[in-house]
Amino acid sequence: MKLLKWSAAALVALLLLLSAWVAWFNYGMTRVADDATAPAANAEMVARGAYLARAGNCIACHTVRGASTGAGGRPIATPFGTLFTSNLTPDADTGIGQWSAAAFWRALHFGRSADGRLLYPAFPYTHTTALTREDSDALFSYFRSLPPVRAQVPAHELRWPYGTQAALAVWRTLYFQPGAKPPLPPGPADANMLRGAYLTYAVAHCSACHTARDALGGGDWQSLRGGVLASEGWYAPSLVSAREAGMADWPVDDIVQLLRTGVAPHGQVSGPMTEVVTQGTQYLNEPDLRAMASYLKALPSTEGAAPRTAAAPDVRSSAVVLGEKLYQQHCADCHGSQGQGVPGAYPPLAGNRAVTMAHTQNLLQTVLYGGFAPDTAGHPRPYGMPPFALTLGDTEIAAVLSYLRTSWGNAAAEVSPLDINRMRASTAGNLRQ
């Protein structure tokens, strides 16, 4: 038995080394354009880079709240440990001051640092690999225009073997294809559709969140079928499911409004998506917003997991009965006695996909901790949702949510007190940060 275990371990080690060798020669040694061919930075290129950085929400990830812009150090929690974002300012010692445009391009396209090390895929090179060299050079010019900040980023805190180059080589072999193209909907693709696909996939890297990840943190980057953000306790809903956040039946104008302001007649964004809108998509120009909206609308629609049928009113559970009383006491003043909401202020709960989704993480987070829609130029004074984490207990919150999910035509499974307890426990660390 011991011999068998040692043989298996040796085989795993051999596979790791082989994959590392493959990754080094296939990805690491690829030559990129010489710096002499890169155009000199100018005001127009810097402005273009700033625009792309906005669209990709780069600065938000590479800035610690209250610290210098782009100086890195923001912790990114993962199931494998904590990563810290890099310093993008042109400091010579701790930033990209000694990088070349070619080295920056290699990082975005091949996922390798200037010194040749494999980069961690928390940096979405799985998507930026589709960026054009021209856009890479523009981004580099913009980051080089930031004030240099000497800020040493903390060392990553990953469990073994996830922080090893061999493990990264295996991951890349499984999940990374340099130069992968954005997926396109069926049918002919005009320039507007191609632009929308490019912005959605390569620049905004939407599927980095909106796709499911497996036990190794990999996924189908061509998919937008929804994914759990395990470290944050939120669910990025499917953008192709009619039961989640699919927009095939939305007017293009409404999708544009959602991306620009965070609110639209059919819904509003919440959770991590508020940062994406506040820091990113609200700054996109009209043609690019329409290109993204047209692309999202054209994606083939799927139904997704159907919610369970609600019980008839005369056989409602005791939890739903309690939930109705609590709803009238705490919720009806804003959301209406029939869950109809108030246009422009409080969203309706009747027929709301965010209420009836099979994944309940977002609903639980909102009721427990409250929140606001994005504060944007097009929606500068959003109404907020108060937190009920200290007002109601697990049984009471579960009752309210079960009532919401089984009333006014909503037909979804009830929520249990255990669901609430688990959400409190999983988000406790985030609240302490």
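Refer to the structure above for everything that follows.
Just so you know, the residues in each chain are numbered from 1, in the order the chain's sequence is written. Totals for whole chains, interfaces and linings use every residue, but because this is a predicted model, local features are given only for residues with pLDDT of at least 70 and side-chain atom pairs only at 80 or more, for both listing and counting. Computation of side-chain values covers all heavy atoms of the structure but excludes hydrogens and water.

1. Some details on the overall build of the protein chain
When helices and strands are tallied, the protein chain shows 17 helices and nine strands. Burial statistics for the protein chain: of 433 residues in total, 46% are counted as buried. Counting only contacts in the protein chain whose residues sit at least 6 apart along the sequence, the fraction spanning at least 24 positions is 65%. Working definition of accessibility: Shrake-Rupley area with a 1.4 Å probe, residue cover restricted to the visible protein chains. Counting only carbon and sulfur atoms, one obtains 60% of the accessible surface of the protein chain, whose full area is about 21,600 Å². Elements are defined by DSSP. Helices are runs of H or I of four residues or more, strands are runs of E of two residues or more, and each kind is numbered from the N terminus. Burial classes follow relative accessibility: with a 1.4 Å probe on protein chains only, a residue under 20% of its type's maximum area counts as buried, one over 50% as exposed, and anything between as partly exposed. Any two residues whose heavy atoms approach within 4.5 Å at even a single point are treated as in contact.

2. So, the nonpolar core
To qualify as a nonpolar core, a set must consist of buried Ala, Val, Leu, Ile, Met, Phe, Trp, Tyr and Cys residues joined through side-chain atoms within 4.5 Å. Counting residues in each nonpolar core, the largest one holds 55 residues, and the members touching the most others are Leu131, Leu139, Phe143, Val203, Met247, Ile255 and Leu296. When contributions to this core are tallied by element, the ones reaching two or more residues are α2 (43-55), α4 (101-110), α6 (133-145), α7 (165-175), α8 (191-203), α9 (252-261) and α11 (286-298). Apart from the residues lying within four places of it in its own chain, the contact partners of methionine 247 are Leu239, Ile255, Leu258, Leu296 and Lys297. Grouped together as the second largest cluster of nonpolar side chains are 24 residues, Leu363, Ile397, Val400 and Met423 included.

3. Some points on the packing of aromatic side chains
Between the rings of Phe, Tyr and Trp (Trp by its six-membered ring), a pair exists once the centres lie within 6.5 Å; its type follows the angle of the planes, with under 30 degrees stacked, over 60 edge-to-face, and the other angles tilted. For the coordinates displayed, the defined rule picks out 12 aromatic pairs. The interplanar angle of 40° and the centroid separation of 6.3 Å between the aromatic rings of tryptophan 171 and tryptophan 221 together place this pair among those described as tilted. Of this pair, tryptophan 171 sits in helix α7 while tryptophan 221 sits in the loop between α8 and β4 (227-229), and the two are 50 residues apart along the sequence. Neither tryptophan 171 nor tryptophan 221 differs from the other in exposure class; each is buried. Between the aromatic rings of tyrosine 327 and tyrosine 403, the centroid separation amounts to 5.5 Å while the plane-to-plane angle is 50°, which identifies the pairing as tilted. Here tyrosine 403 lies in helix α16 (residues 394-405) and tyrosine 327 lies in helix α12 (residues 318-330), a separation of 76 residues in the sequence. Chaining the aromatic ring pairs together yields one cluster made of Phe104, Phe140, Tyr142 and Phe143. Sitting above the plane of the tyrosine 283 ring, arginine 54 keeps its charged end 3.8 Å from the centroid. For a ring to carry a charge above it, either NZ of a lysine or CZ of an arginine must fall within 6 Å of the ring centroid while also lying within 35 degrees of the normal to the ring plane.

4. Describing the pattern of salt bridges
In what follows, salt bridge is the name for a side-chain nitrogen of Lys or Arg lying within 4 Å of a carboxyl oxygen of Asp or Glu. Taken as a whole and assessed by the stated rule, the structure comprises 10 salt bridges. The partner of glutamate 275 in a salt bridge is arginine 74, with the nearest N and O atoms 3.5 Å apart. With glutamate 275 in helix α10 (residues 272-279) and arginine 74 in the loop between α3 (58-61) and β1 (75-78), this pair connects stretches of sequence that are 201 residues apart. Accessibility expressed as a relative area gives 27% for glutamate 275, which makes it partly exposed.

5. Quick word on the pairing of strand β2 (residues 81-84)
The sheet contact formed by β1 and β2 spans four bridges and is antiparallel. Paired with alanine 77 across the bridge in β2 is threonine 82. Only when DSSP finds a minimum of two bridges between them are two strands counted as paired. Following β1, the chain reverses through two residues before pairing antiparallel with β2. Across two bridges, β2 lies against strand β3 (residues 157-158) in antiparallel orientation. If you follow threonine 82 over to β3, its bridge partner there is glutamate 157.

6. Digging into empty space enclosed by the protein
Computed over the protein atoms alone on a 1 Å grid, cavities are sets of points where a 1.4 Å probe fits but cannot get out and pockets are open sets with protein on both sides within 12 Å along at least five of seven lines; a residue lines them when it has an atom within 4 Å of a point. Grid points are joined across faces, edges and corners, and a volume is the space filled by probe spheres set on the points. In this structure the tally under the stated criterion is one cavity of 30 Å³ or more. Put simply, the largest cavity is a space of about 60 Å³. Every residue lining the largest cavity is listed: Pro183, Ala197, Thr200, Tyr201, Cys206, Ser207, Trp221, Gln222, Ser223, Leu224 and Tyr295. Ranked by residue count, the leading element in the lining of the largest cavity is α8, at three residues.

7. Quick word on the sheet that holds β3
The strands making up a sheet associate through hydrogen bonds between their backbones, and the pairing can be parallel or antiparallel. Taken in spatial order, the three strands line up as β1-β2-β3 in an open sheet, and their pairing is antiparallel. Of all strands in the sheet, those bounded by a partner on one side alone are β1 and β3.

8. What to know about the environment of glycine 111
Locating glycine 111 in the fold gives a position in the loop between α4 and α5 (125-128). What makes glycine 111 buried here is its relative accessible area of 0%. C-alpha separation for the pair glycine 111 and phenylalanine 176, spaced 65 residues apart in sequence, amounts to 9.2 Å. Excluding residues that lie within four positions of it along the chain, glycine 111 makes contacts with Arg106, Arg117, Leu118, Leu119, Tyr125 and Arg172.

9. A closer look at the packing of helix α15 (residues 361-369) against α16
Helix axes are fitted only over the stretch in contact, all axes being lines through C-alpha atoms; the angle between N-to-C directions runs from 0 to 180 degrees. Two numbers describe how α15 lies on α16: the axes approach to 11 Å, and their chain directions differ by 130°. One way to sum up the angle between α15 and α16 is to call them oblique. When the axes of α15 and α16 are compared, the crossing they make is right-handed. Residues Leu363, Leu364, Val367 and Leu368 of α15 lie in contact with α16, whose contacting residues are Ile397, Leu401 and Arg405. Each residue gets one label: Ala, Val, Leu, Ile, Met, Phe, Trp, Tyr, Cys and Pro are nonpolar, Asp, Glu, Lys and Arg are charged, and the others, such as Gly, are polar. Each residue belonging to the contact of α15 with α16 can be placed in one class, and the counts come to six nonpolar, no polar and one charged. Relative orientations are named as follows: roughly parallel for angles under 35 degrees, roughly antiparallel for angles over 145 degrees, roughly perpendicular for angles from 65 to 115 degrees, and oblique for any other angle. Note on convention: the crossing is left-handed when the near helix lies turned anticlockwise from the far helix by less than a right angle, right-handed when the turn is clockwise.

10. As for the environment of tryptophan 221
A relative accessible area of 8% places tryptophan 221 in the buried class. Excluding residues within four positions of it along the chain, tryptophan 221 makes contact with Thr126, His127, Trp171, Tyr175, Tyr201, Ser207, Thr211 and Arg213.

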